[in-house]
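Listed below are the residues making up each chain.
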Amino acid sequence: MKAAVWHNVKDIRVEEVELRALREEEVKVKVAWAGICGSDLHEYEEGPVFVPVDVKAELTGEVAPLTMGHEFAGIIEEVGSKVTDLKAGDRVVINPTLTYRNKHEDVDRYDGFNFIGLHGNGGFAEYVNVPVTNVHRLADNLTLKDGALVEPMAVAVQAVKDAGVTLGDSVAVFGAGPIGLLTVIAAKASGASKVIVLDLSDDRLEKAKELGATHAINSGKENPVQAVRSIVAGGVDVSFEVAGVAPTFKQAIDVTKPRGNMMIVSIFARPIEWNPMQLTNTGVNVLSSIVYTPSIFQRTIDAMSSGQLNPQGIITSQIELDDIVDKGFKTLTNDKSQSKILVAISGEN
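Because the structure is predicted, anything quoted here is derived from the model rather than measured.

Trainee: How should the sheet that holds strand E14 (residues 236-241) be read in this particular structure?
Mentor: One key point about sheets: their strands pair by backbone hydrogen bonds, in either a parallel or an antiparallel sense. Across the sheet, which stays open at both edges, the 6 strands sit in the order E13-E12-E11-E14-E15-E16 with parallel pairing between neighbours. Of all the strands in the sheet, the pair left with one neighbour each is strand E13 (215-218) and strand E16 (285-288). The average undirected angle you get between the axes of adjacent strands in this sheet is 20°. Contacts from helix H7 (residues 224-231) reach strand E11 (170-174), strand E12 (194-199), E13, E14 and strand E15 (256-264), with the element oriented near 165° to E12.

Trainee: Even after reading the chapter, I still don't get the domain arrangement of the protein chain, so can you show me in this structure?
Mentor: A common way to report how large an interface is uses the accessible area buried once the components associate. Domain parsing of the protein chain yields domain 1 (2-137 + 311-344) and domain 2 (153-288). Using only C-alpha atoms to locate each centre, domain 1 and domain 2 end up separated by 28 Å. Each side of the interface is counted separately: domain 1 has 16 residues, and domain 2 has 17 residues. Both faces combined, the contact of domain 1 with domain 2 buries some 1300 Å², and carbon together with sulfur accounts for 62% of it.

Trainee: What exactly am I supposed to notice about the environment of Thr 166 here?
Mentor: Here Thr 166 lies in the loop between helix H4 (150-163) and E11. On a C-alpha basis, the gap between Thr 166 and Gly 191 in space is 5.5 Å, while along the polypeptide they are 25 residues apart. With residues near it in sequence (within four places) discarded, Thr 166 still touches Ser 190, Gly 191 and Ala 192.

Trainee: I tried to follow the sheet that holds strand E1 (residues 2-8) on my own but got confused; where do I start?
Mentor: Reading across the sheet, the 3 strands line up as E2-E1-E4 and stay open at both edges, with antiparallel pairing between neighbours. This sheet does not close on itself; its edge strands, each paired only once, are strand E2 (11-16) and strand E4 (66-67). The pairing of E1 with E2 spans 6 bridges and is classified as antiparallel. In the strand pairing of E2, Lys 2 is matched with Glu 16.

Trainee: In this structure, what is going on with the UniProt feature "domain: CHASE" (unreviewed entry) in the protein chain? I would like to understand it.
Mentor: Sites flagged by UniProt as "domain: CHASE" (unreviewed entry) map to residues 235-349. The span residues 235-349 shows a helical share of 29% and a strand share of 26%, and its end C-alpha atoms are spaced 44 Å apart.

Trainee: Is there a simple way to explain the confidence of the model for the protein chain in this structure?
Mentor: If pLDDT is low for a region, its predicted coordinates should not be looked at in detail. Taken residue by residue, the protein chain gives an average pLDDT of 94. The fraction at 70 or more is 97%. Low pLDDT, under 50, characterises residues 55-63; the predicted model gives this stretch 25 contacts beyond four residues in sequence or across chains.

Trainee: It is not clear to me how the environment of Arg 270 should be interpreted in this structure. Could you clarify?
Mentor: In this structure, Arg 270 sits in the loop between E15 and E16. Classification of Arg 270 by relative accessible area gives exposed; the value is 54%. Once the C-alpha coordinates of Arg 270 and Val 155 are considered, the two residues, 115 residues apart in sequence, prove to be 21 Å apart. A distance of 3.4 Å separates a polar atom in the side chain of Arg 270 from a polar atom in the side chain of Glu 46.

Trainee: Looking at this structure, how should I read the pairing of E1?
Mentor: Note on strand geometry: in a regular strand, side chains alternate between the two faces of the sheet. Counted along the chain from E1 to the antiparallel partner E2, the turn is 2 residues long, and its residue Lys 10 has a positive phi close to 55°. Relative to E4, E1 is paired through 2 bridges, and the arrangement is antiparallel. Paired with Val 5 across the bridge in E4 is Thr 67.

Trainee: What is the right way to read helix H10 (residues 324-334) from this model?
Mentor: Along H10, the positions that sit buried rather than exposed are Ile 324, Val 325, Gly 328, Phe 329 and Leu 332. With its buried residues spanning 110° around the axis, H10 presents them on a single face. Facing away from the buried side of H10 by over 90 degrees, the exposed positions are Asp 326 and Asn 334. Tucked into the core, H10 has its buried residues touching E1, E2, helix H1 (38-46), strand E17 (315-320) and strand E18 (340-344).

Trainee: Would you mind going over unusual backbone geometry with me for this structure?
Mentor: Most of the time, phi is negative for any residue but glycine, and the peptide bond is trans. Although it is not a glycine, Arg 101 sits at a positive phi angle of roughly 55°. Along the chain, Arg 101 turns up in the loop between strand E7 (97-98) and helix H2 (105-108). With a phi angle near 65°, Arg 259 is a residue other than glycine that sits in the positive phi range. Its place among the elements puts Arg 259 in strand E15.

Trainee: Can you walk me through H7 in this structure?
Mentor: Since there are 3.6 residues in each turn of an α-helix, residues three or four apart along the chain are aligned in direction. Among all positions of H7, only Pro 224, Ala 227 and Val 228 are buried. Each buried residue of H7 lies within a common arc of 95° when the element is viewed along its axis, so the set occupies one face. Turned more than 90 degrees away from the buried face of H7 sit Gln 226 and Ser 230, all of them exposed. Those residues of H7 hidden inside the fold are in contact with E11, E12, E13, E14 and helix H8 (246-254). The opening residue of H7 is Asn 223, an N-cap whose side-chain oxygen sits 3.0 Å from the backbone nitrogen of Val 225.

Calculation rules
Residues numbered from 1 in each chain as written. Predicted model: local features only at pLDDT ≥ 70, side-chain atom pairs only at ≥ 80, totals over all residues. Heavy atoms only, no water. Pairing = 2+ DSSP bridges. Helix = DSSP H or I, 4+ residues; strand = E, 2+ residues; numbered from the N terminus. Axes fitted to C-alpha atoms, helices over the stretch in contact; angles between N-to-C directions. Contact = heavy atoms within 4.5 Å. Domains from an automatic or database assignment. Buried area = accessible area lost by both parts, 1.4 Å probe. UniProt positions renumbered as here; feature names shortened; annotations may be inferred. pLDDT = per-residue confidence, 0-100. Buried < 20%, exposed > 50% of the residue type's maximum accessible area, 1.4 Å probe, protein only. Polar contact = N/O pair within 3.5 Å; in protein donor to acceptor, adjacent residues only side chain to side chain. Arc of directions from axis to C-beta.

Below is the structure:
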């Protein structure tokens, strides 16, 4: 079968690979649509970040090189001998987080943390075998293309929940990439009255306003801290760092009110220098969230189905698997007007 395989930094190849044998508690999924995530882009530009190199991944048994892709949905082609509640033909979306699943889910999401498509073979392929515990049925009124948006939407939903956003809150989002835009959507759905988005790209800021941001600030054209505090003088209730660089990390703290929450949702490709004394006079709480619980993943599907969450507006391009490097990874690297690029594997709806 055809798959997009990570070999090294800036070395992803679309090539023929063998699908390993289906295990008894797995299902074989024919992949319909898959999204390119910011973490995938980190692996392409700067990896390995998560990808295991010459080391067997603890839970998956896979080694690099590996097939990438963790935002995907498809149709079950075959079920393992011990799978009883799913069948061939079911439309499904995959929760790619692999954990030990022996603690409460709020703790378990970081227990043995591995990822389908980053630590082991994933969804940039015609077929993939996944544990049945990671499979969720897709609501009838959602398309398989919608299904490819569930995973990144769940990242934002979990971060907004963990940050405590509630009715009437003011929020600042640093970074208007895909997760930043989805954070806007999740914050609005949770009742935020002011959602201020900051980025260097006017195109991305315009997209943020389309998706519900009440204010958009170009950090390259005006002082971001002063600009936010001109809107909310005492500081926002919650800020989200979704850019992954030192300046926005510090700015996110500076715009947050005393005892407010600053939530890190981004991946930092390299260490930053930071003085914790920045917190001393305000007591701002620095939090982090990168994955979601199974319950939040299911709630995200339900909220998309009911219309409470509508992430479809972040899609800016749809491409074929053969074009994933040139029209996918390279485009995301060079064209900041792009947000979410979806890859049509089978392209079914």
